[in-house]
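Results of the structural survey
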Amino acid sequence: MPTSPEPIEAVSQRLDKFLTEQLSYASALGPEAESLTRAGASALRGGKRLRARFCLTGWRSAGRSSASFDDAALAVATSLEIFHAAALVHDDLVDNSDTRRGQPAAHRALQAAHRDAGWAGDSDAFGRSGAILLGDLLVAWSDDLLEEGLASSSTAAATRRAYAQMRRDVTIGQFLDVAEESAYTVYPDETHAERALRVASYKSARYSIQQPLLIGASLAGADDGQLDALGRFGHDVGMAFQLRDDVLGVFGDNAITGKPVGDDLREGKRTVLVAYAREAMPADERHVIDALLGDPALTDEQIGTLQRAIVDSGALARTEELIADYARRADDALDGAILDAGAVDELRALARAATERTA
């Protein structure tokens, strides 16, 4: 993401310090505990550090325009990246994904470690159980670092409330996503797009951008007007971000995204793209999409069939228009807001990077 590297370097250093402490603790408990901790460190490698960026920019937006970030801001921003790693570990397990960022997903890596060590029992079951516990450990780490950052903060209560809201919303959003893959059959076709947008809001838009912004701003002591502007901006950028993710999940280049082309189609994601495609097709042709969507064994040819159906129906063009509309609304939300001017420029750059990305 083409923005200043300094905040991410600072977050990386804070993360390295925290992980060193965790590895020191785990090493005293034996090789199995150390192995789980190293798996947690592995889950934190790579990524865009999107949530940390928005958290720190939210902090600056409320008037904290100093040249460097204080310890509390760095700890809180880093805690969001740890929580994100937890969500990815559990998400990959739910979706039965094989890869993450071009590497084996956590449950697959744990499965391979069990097999390579020659341990008894079912490697696949071990990998799945281990990934559940790994995700839980990462959530605990996130809480630990958050509290460390808030230890002497006068805005700790407001920051905790914003953080708790993020955790609740994304957990519910993840379940809405899972449920929609089955529940869509009992709802009228014309409601599917609205339901897909609800999933996008709770699973991604709030969690990825809006709430990290509000957490950072709350830590900085933002007033109600600042929180309102940042909240409106963050939600609309977050919606554009998730819709771009939906497009990449169907049409993205696996060499760039790190995931196989059409993975969302194999997983049966009921995205806005799918809803728009079905809505535009005659009722007697929708079975083509329904019969293929969610089949983990989809061939490249079948993926191509679904891609063509989405393009020919106008769903892709309509989704691109919606992305552009959300981006415009987000930009408008910053007009006239009493926010740090440099931070506003950074927010606009982050918004462009989030919505125009290819990975």
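The structure this text deals with has already been given above.
The present account deals with the structure reproduced in this document. The model shown is predicted, which means the values in this text are computed figures rather than measured ones.

Criteria and cut-off values
- Residues numbered from 1 in each chain as written.
- Predicted model: local features only at pLDDT ≥ 70, side-chain atom pairs only at ≥ 80, totals over all residues.
- Heavy atoms only, no water.
- Core = buried A, V, L, I, M, F, W, Y, C linked by side-chain atoms within 4.5 Å.
- Buried < 20%, exposed > 50% of the residue type's maximum accessible area, 1.4 Å probe, protein only.
- Helix = DSSP H or I, 4+ residues; strand = E, 2+ residues; numbered from the N terminus.
- Expected span 1.5 Å × (residues − 1).
- Bend = angle between axes of the 7 residues up to and from the residue.
- Salt bridge = Lys/Arg side-chain N within 4 Å of Asp/Glu carboxyl O.
- Phe/Tyr/Trp six-rings, centres within 6.5 Å; stacked < 30°, edge-to-face > 60°.
- Lys NZ or Arg CZ within 6 Å of the ring centre and 35° of its normal.

1. What to know about the nonpolar core
Grouped together as the largest cluster of nonpolar side chains are 67 residues, with contacts concentrated most on Phe-54, Leu-138 and Phe-233. A per-element tally of this core places helix α4 (residues 71–95) first, with 14 residues. By size, the runner-up hydrophobic cluster in this structure holds 29 residues, among which are Ala-205, Val-272, Leu-273 and Leu-298.

2. Quick notes on unusual backbone geometry
Positive phi, close to 55°, is recorded for Arg-49, a residue that is not glycine. Here Arg-49 is to be found in the loop between α2 (31–43) and α3 (50–61). Relative accessible area serves as the criterion here: at 8%, Arg-49 is assigned to the buried category. Here the phi dihedral of Asn-96 falls at roughly 55°; this positive angle occurs in a residue that is not glycine. Mapping Asn-96 onto the fold places it in the loop between α4 and β1 (99–100). Accessibility expressed as a relative area gives 41% for Asn-96, which makes it partly exposed.

3. Considerations on helix α8 (residues 192–219)
Helix length check: α8, at 28 residues, gives a terminal C-alpha distance of 37 Å against a target of 40 Å (1.5 Å per residue), a fit within 8%. Approximately 60° is the largest bend angle found in α8, and it occurs at Arg-206. Burial of α8 is extensive: 23 of the 28 residues sit out of reach of the surface. Directly after α8, the chain includes Gly-221, whose backbone phi takes a positive value near 85°.

4. Some thoughts on the pattern of salt bridges
Two side chains of opposite charge can pair, provided their charged atoms sit close to one another. Under the definition given, this model contains 29 salt bridges. Note that Arg-60 and Asp-340 form a salt bridge whose closest N and O atoms lie 3.8 Å from each other. Of this pair, Arg-60 sits in helix α3 while Asp-340 sits in the loop between α15 (315–334) and α16 (341–355); the two residues are 280 residues apart in sequence, bridging distant segments of the chain. Taken individually, Arg-60 and Asp-340 each receive the classification buried, so the pair is uniform in this respect. Between Asp-98 and Arg-108 there is a salt bridge; the shortest N-O distance is 2.8 Å. Within this pair, whereas Asp-98 is found in the loop between α4 and β1, its partner Arg-108 is found in helix α5 (residues 106–117), the two being separated by 10 residues in sequence.

5. A word on the packing of aromatic side chains
In this structure the tally under the stated criterion is 5 aromatic pairs. Plain terms: the ring middles of Trp-119 and Phe-126 are 5.5 Å apart, the flat faces sit at 90° to each other, and that makes the pair edge-to-face. Under the relative-accessibility criterion, Trp-119 is labelled partly exposed at 43%. One aromatic cluster in this structure is built from Phe-83, Tyr-163 and Tyr-207. Residue placement shows Arg-195 over the ring face of Tyr-187; its charged tip is 3.6 Å from the ring centre. Sitting over the face of the ring of Tyr-202, Arg-206 holds its NZ or CZ atom 3.9 Å from the ring centroid.

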